[in-house]
Each structure stands twice: as C-alpha cells, then as structure tokens.
Amino acid sequence: MAIDPTSPIPKYSQLREILLDWIEETGLGVDDAIPSERELGALYGLSRMTVRQTIDHLVAEGKLYRVPGKGTFVARPKIEMSLALTSFTEDMRARGFTPDSQDLARRIDPASGHLARMLDIEPGSPIHHIERLRTADGEPMALERSNIPLSLVPGLDERSLAGRSLYQLLEEEYGILLDSGEQTIEAGICDPTDARLLGLPPGSAVLLMQRRSFANGRCVELAISTYRADRYQLHSTLDPRRSGSA
Ligand code: 16G
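Nothing here was measured: the structure is a model prediction, and the numbers come from that model. (Residues numbered from 1 in each chain as written. Predicted model: local features only at pLDDT ≥ 70, side-chain atom pairs only at ≥ 80, totals over all residues. Heavy atoms only, no water.)

> Which residues make up the site of the ligand, and what values go with them?
Taken together, 18 residues form the shell around the ligand, and within it Thr89, Glu144, Ser165, Arg211 and Glu221 come nearest. In this structure, Thr89 approaches the ligand through a side-chain N or O atom, which is 2.3 Å from an oxygen atom. One nitrogen or oxygen atom from the side chain of Arg134 is found 3.0 Å from an oxygen atom belonging to the ligand. Against a free-state accessible area of 450 Å², the protein chains account for coverage of 98% of the ligand. In this structure, the ligand is accommodated by the largest cavity. Breaking the shell around the ligand down by element, the ones donating at least two residues are α4 (88–94), β5 (126–136), β6 (139–149), α6 (166–174), β8 (205–215) and β9 (218–228). Looking at the shell around the ligand element by element, the count peaks at four residues for β9. Residues that form the shell around the ligand fall into these classes: six nonpolar, seven polar and five charged. (Near = heavy atom within 4 Å. Polar contact = N/O pair within 3.5 Å; in protein donor to acceptor, adjacent residues only side chain to side chain. Areas by Shrake-Rupley, 256 points an atom, 1.4 Å probe, with all protein chains shown as cover. 1 Å grid on protein atoms, 1.4 Å probe; cavity = no way out; pocket = protein on both sides within 12 Å on 5 of 7 lines; lining within 4 Å. Sits in = over half its atoms within 2 Å of the grid points. Helix = DSSP H or I, 4+ residues; strand = E, 2+ residues; numbered from the N terminus. Nonpolar A, V, L, I, M, F, W, Y, C, P; charged D, E, K, R; others polar.)

> Please set out the side chain of Thr54 residue by residue, giving values where relevant.
Mapped onto the elements, Thr54 comes out in helix α3 (residues 48–60). Overall, the relative accessible area of 1% leaves Thr54 in the buried class. There is a polar contact of 3.1 Å between the side chain of Thr54 and the backbone oxygen of Tyr12. If we skip the residues at most four places from it in the chain, Thr54 touches Tyr12, Leu15, Arg16 and Leu19. (Buried < 20%, exposed > 50% of the residue type's maximum accessible area, 1.4 Å probe, protein only. Contact = heavy atoms within 4.5 Å.)

> Describe in detail helix α2 (residues 37–44), supporting the description with residues and values.
Of all the positions in α2, only Glu37, Leu40, Gly41 and Tyr44 are classed as buried. An end-on view of α2 places all buried positions within 100° of arc, on one side of the element. Residues Arg38, Ala42 and Leu43 are exposed on α2 and point more than 90 degrees away from its buried face. On its buried face, α2 sits against α1 (11–25), α3 and β1 (64–67). Among the residues trailing α2, Gly45 stands out with phi positive, at a value near 65°. (Arc of directions from axis to C-beta.)

> Account for the sheet that holds β8, naming residues and giving values.
One open sheet accounts for six strands, arranged β4-β5-β6-β9-β8-β7; its pairing is antiparallel. Edge positions in the sheet fall to β4 (99–110) and β7 (180–189), since each has one partner strand and no second. Between one strand and the next, the sheet's axes are offset by a mean angle of 15°, whatever the strand orientation. Each of β5, β6, β8 and β9 is contacted by α6, which is oriented at about 160° to β9, the strand it contacts most. (Pairing = 2+ DSSP bridges. Axes fitted to C-alpha atoms, helices over the stretch in contact; angles between N-to-C directions.)

> Tell me about the layout of surface pockets, and please be specific about residues and values.
Empty space among the atoms can be located by rolling a probe the size of a water molecule over them. Volume-wise, the largest pocket comes out at about 400 Å³. Val59, Gly62, Leu64, Arg228 and Asp230 are the residues nearest the centre of the largest pocket, which is lined by 19 residues in total. Elements that contribute at least two residues to the lining of the largest pocket include exactly α3 and β1. Residue classes in the lining of the largest pocket are distributed as 10 nonpolar, two polar and seven charged. Of the residues that make up the lining of the largest pocket, three or more belong to each of domain 1 (11–74) and domain 2 (79–233). The volume enclosed by the second largest pocket comes to roughly 310 Å³. Around the second largest pocket, the lining comprises 13 residues; the ones closest to its centre are Leu20, Gly62, Lys63, Ala75 and Pro77. A total of three residues in the lining of the second largest pocket trace back to one element, the largest contributor, which is α1. (Points joined across faces, edges and corners; volume = space filled by probe spheres on them. Domains from an automatic or database assignment.)

Read these as geometric descriptors, not functional statements.
Written out as structure tokens, the structure is:
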C-alpha cells in the first residue's frame, strides 16, 4: 500500500493503517523491530516528522514501544478484560500468568458516610481496608483497594493474603460466595505514588474501576482499583438490539 496524497485522511493516519496491516501480514511478533523512522520515510515518501507522529501515536496506543538507541518494537497485546465477576487470581491463571500480590496496607477503619452508603452499613461501622499491588508473572498490573464490612468477615485482618486470592479466602473461610456485582470504569491519570508502584511514568493513563460485589443481595466488597491502561483493554459482548427499539 502507498500513501495517497489526494486523500482527505492525514498522512500520519494513513501510515498508521499501513503499519498495522504490515505488522499483521508479515506476522511480526512481540518484541520484533519495525523499520527505522528514516527507512519508513524513504519507503513511503514521508517527512521524518510525519513518520514520528505515526510512531508516537502507536506508542501511546500501546501497539509499539521504543528503546532509546535501539529502535521501535512490536508491543505485547493488551489483556482483554471482560466484564465478569472474576477474581484477579482466576483471571490471570486462565491467561497463563502467575498471579501474586503485595500487601501495601491492611487496617480497620470506621466507614465514612460515602463508604457506608456504598456498602449499605451504618456510618462509623468498622470496615477492613486492604490495599494490594497485583502482579502477573512478577509485573505490576493493578492496585486494588478493597473495603469489606468487618461484621461479615471478623478476623480477616489476621489472615495473610500473600499469594492468596481474597475471593477464595472469602469462600473457603467465611462461606461467602460472591454472586453478583456492578462496576463502573473511567479513564484516569495515575498520581505519582501509584505510578511508582505500577512502574509507570508519572501522569500515565490508567483505568479506574469501582466494583461492588454482592452475596445473597448483601454488599460484601467495595473495591477501587487502578489498572494499567497500557496493559488492559475492556471487552464486552453486546446485548442484541430489540426490534422497534429505535
Ligand atoms: C478483582 C476485583 C477486585 C477483587 C479482586 C479479588 C476488579 C476491577 N477488581 O481484581 O475487586 O478484590 O478481583 O482478587 O475486577 P483475588 O481473589 O485474586 O484476591
């Protein structure tokens, strides 16, 4: 494919499509190098600036990555997160990664008005607050901050979560099987502390998730999580359109 100078589509966007097709068609794999900016410019008759613009976009999208002094390479595909009530451990294992977590904080706090409303408990009631850095094959993936009413899981603070699934612990030790949930997801920018923990440059894009999980209609967990936007994308199937709904 060549760049069409008469097209209303900007040249850097045309080059983006060409490069993505080319990566797919030549079967370039993760960590394989793509031609240099100079080579691409010569090949497609484009200025170095236009080529750089395309590469910058593909790097920001997480499709390519640069290594200073070495070149530009094909990035790993993002993890497709489905909207289901799975635990981090189950999800990572199903994808062939080894999940783990690092405790950042464990404490019992009185519920603020907001948390109490979200968890459907009285303000001031004690809640377990659990902050964990979640890793897959040793790589930081997400920060998860869980809030769970103490009355539902007394003694949870004395149980180690190192290398252990919270959902599994709830089920095995408290007989709590989460059976429904709701989740909101929004785009965000990582603050400097979270960026350091996730190994990201400050100001990186993240996915902010708030999940309420229920068992028998009772809210068990309010989790506020920060997922790396360079490693995750959301995937959801769509309900069929009902005829006449327009
Ligand atoms: C998921 C949940 C999180 C829950 C965790 C339990 C989201 C956004 N969050 O990551 O709320 O605490 O699973 O994982 O999906 P675990 O059972 O592996 O500890």
